[in-house]
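Observations on chain architecture
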Amino acid sequence: LDHDPFGTNNKITFRDLAIHLAGLQRATPLLVNETDPWVKLAGRVIPIRPPHLLPSYSNLGFAILGRALSGLLNVTYEDWIIKNILEPLNMRSSGFTITPSIASRMPTIRDSNNQPFPKMTTLGFENPAGQLYASVNDMSRLMSLFFSTSDRVVRQSTLDEALSPHWNYFDASGGFGMPFEMFYVNDLWMMTKGGDLPGFYSTTAMVKELKAGFTISTSTPGITGLPLVDVVASVMTLYTNTLKNLIATQQTNEVYPPPDDGVVQNYI
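Overview of the structure. (Residues numbered from 1 in each chain as written. Predicted model: local features only at pLDDT ≥ 70, side-chain atom pairs only at ≥ 80, totals over all residues. Heavy atoms only, no water.)

**Some details on the overall build of the chain**
When helices and strands are tallied, the chain shows nine helices and eight strands. Counting over 268 residues, the chain shows a buried share of 36%. In the chain, of all internal contacts separated by at least 6 residues, the share reaching a separation of at least 24 is 58%. Counting only carbon and sulfur atoms, one obtains 56% of the accessible surface of the chain, whose full area is about 16300 Å². (Helix = DSSP H or I, 4+ residues; strand = E, 2+ residues; numbered from the N terminus. Buried < 20%, exposed > 50% of the residue type's maximum accessible area, 1.4 Å probe, protein only. Contact = heavy atoms within 4.5 Å. Areas by Shrake-Rupley, 256 points an atom, 1.4 Å probe, with all protein chains shown as cover.)

**Focus: the environment of Val75**
Structurally, the position occupied by Val75 is in the loop between helix H3 (59-73) and helix H4 (77-86). The class for Val75 is partly exposed, based on a relative accessible area of 29%. Discounting chain neighbours no more than four positions away, the residues touching Val75 are Ser70 and Trp80.

**Quick word on a nonpolar patch on the surface**
On the surface, a nonpolar cluster with roughly 480 Å² of combined accessible area is contributed by Phe14, Leu69, Leu72, Leu73 and Trp80. With three residues, the top contributor of residues to the nonpolar patch is H3. The partly exposed category is assigned to Leu69, whose relative accessible area is 34%. (Patch = residues over 30% accessible without salt bridge, like charges linked within 9 Å, V, L, I, M, F, W, Y side chains within 5 Å. Salt bridge = Lys/Arg side-chain N within 4 Å of Asp/Glu carboxyl O.)

**A few points about the packing of aromatic side chains**
Within the structure shown, the criterion is met by six aromatic pairs. Residues Trp167 and Tyr169 carry aromatic rings whose centres are separated by 5.5 Å and whose planes lie at 90° to one another, so their mutual orientation is edge-to-face. What makes Trp167 buried here is its relative accessible area of 14%. Connected via pairs of aromatic rings, a cluster forms that spans Trp167, Tyr169 and Phe176. (Phe/Tyr/Trp six-rings, centres within 6.5 Å; stacked < 30°, edge-to-face > 60°.)

**A look at the pairing of strand E4 (residues 188-197)**
Looking at chain direction, strand E3 (residues 181-185) and E4 are connected through five bridges and run antiparallel. Bridged to Met182 within E4 is Met191. With antiparallel pairing between neighbouring strands as the criterion, E3 and E4 make up a hairpin whose turn holds two residues, including Asn186 at a positive phi of roughly 55°. Sheet analysis places E4 next to strand E5 (residues 200-207), joined by seven bridges and oriented antiparallel. When the sheet's bridge partners are listed, Gly194 is paired in E5 with Thr203. As consecutive antiparallel partners, E4 and E5 are separated by two residues, and within that stretch Gly199 has a phi angle of approximately 90°, a positive value. (Pairing = 2+ DSSP bridges.)

**Structural notes on the environment of Glu126**
Within the secondary structure layout, Glu126 lies in the loop between helix H5 (100-103) and helix H6 (127-130). C-alpha separation for the pair Glu126 and Gly66, spaced 60 residues apart in sequence, amounts to 8.7 Å. Setting aside anything within four residues of it in sequence, one finds Glu126 in contact with Arg26, Ala27, Thr28, Asn59, Leu60 and Ala63.

**Regarding the nonpolar core**
Counting 19 residues, the largest nonpolar core has Ile85, Phe180, Met191 and Met206 as the members making the most contacts within it. Within the residue set of this core, elements represented by two or more residues are H4, helix H7 (136-147) and E4. Beyond its immediate chain neighbours, meaning those up to four positions away, Met206 contacts Met143, Phe146, Phe147, Leu163, Phe180, Trp189, Met190, Met191, Ala212 and Gly213. One finds Leu17, Leu24, Val45 and Ala162 within the second-largest nonpolar core, a separate group that totals 16 residues. (Core = buried A, V, L, I, M, F, W, Y, C linked by side-chain atoms within 4.5 Å.)

**Quick word on the pairing of E3**
Pairing between strand E2 (residues 174-176) and E3: three bridges, direction antiparallel. Across the sheet, Phe176 pairs through a bridge with Glu181, a residue of E3. Hairpin geometry of E2 and E3 is characterised by an intervening segment of four residues between the two adjacent antiparallel strands.

**Observations regarding the pattern of salt bridges**
What the rule picks out here adds up to five salt bridges. Notably, a salt bridge pairs Glu78 with Arg67, separated by 3.3 Å at the nearest N-O pair. In this pair, Glu78 sits in helix H4 while Arg67 sits in helix H3, placing the two residues 11 residues apart along the sequence. Using a relative accessible area of 19% as the deciding quantity, one classes Arg67 as buried. When the shortest N-O distance is used, the salt bridge between Asp138 and Arg141 registers 2.7 Å. Of the two residues, Asp138 and Arg141 both sit in helix H7, three residues apart, roughly one turn of that helix. The class of Arg141 is partly exposed, set by a relative accessible area of 34%.

Encoded structure:
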C-alpha cells in the first residue's frame, strides 16, 4: 500500500486477501477493459478499514489475489481453475466463457421494466472475484470436494484451512474463512457463500461434518415476494431442522452388538 490512513503500516498478504482482512474496498477502481491494470492500480488502493483488524468484503482483494497468482504460476487464473478444479471434478457446465451451448440453456433475464439484461461478457480484471458460472449440479460436485478426505484435487490441509474461521465475531457466533462466511443455525455450524451479478443470484450452504449442503440459484433477487437473503435464511432453518431430526432418529434406533466375550460392562 502506498498510503495507509490508519497508520498501521501492515503489509497485506495473500492470506489477508483470501479472508477479507486486507481492509480493501469492495470494488476495483478500474475499467474492466484496461490492459495494464497494475500500473493504474498502484496508488489508488487505500484501505477503508485497518488491515488485519476487521473484515471488509472485497471483490478487489480476490481480483488482486487471482491475478497475482497468475503471475507467479505463469498461467492465467481462468486456465488454472479450469485445468486444476473444473476438469478433475467433471464440472462440464462451468467456466468463464459463455459458449453457445451454455447460452442456449440460460434463462432470459429481465429487469423490473421487463427489458432483457445485457448479455454478460467479462468482468475483466475482476474475473477471479465472480466471473465463473456454474450449474447447480456442478456446484454440488464442487461442494463434494470440501467433504472429501482425499488429496486428489486439493490437499486436505488446504481444505481444512479454507473451512476454518480465521476471524470470529466477538460473541463467537460466526466468522470468516477463505472466503466462507460461517455462523450457527440451529446449533449447526453452517458455511455459506453467495454472490450475484445483474440477473443472477446464487447461494451455497453446507455443514461439513454431516457432508450435507444445498445451492440456491435464481434469476430474480427474491422468491415468492421475499428477498433472496430471507429465502436462504428460511431454507437454512428448515434444512438444519431436518438434519437434526434425522440425527436424533438415527441415534434412537442405534443397536449396538454385544462384545465378542459376551461381557457387558457398566461404569458408574
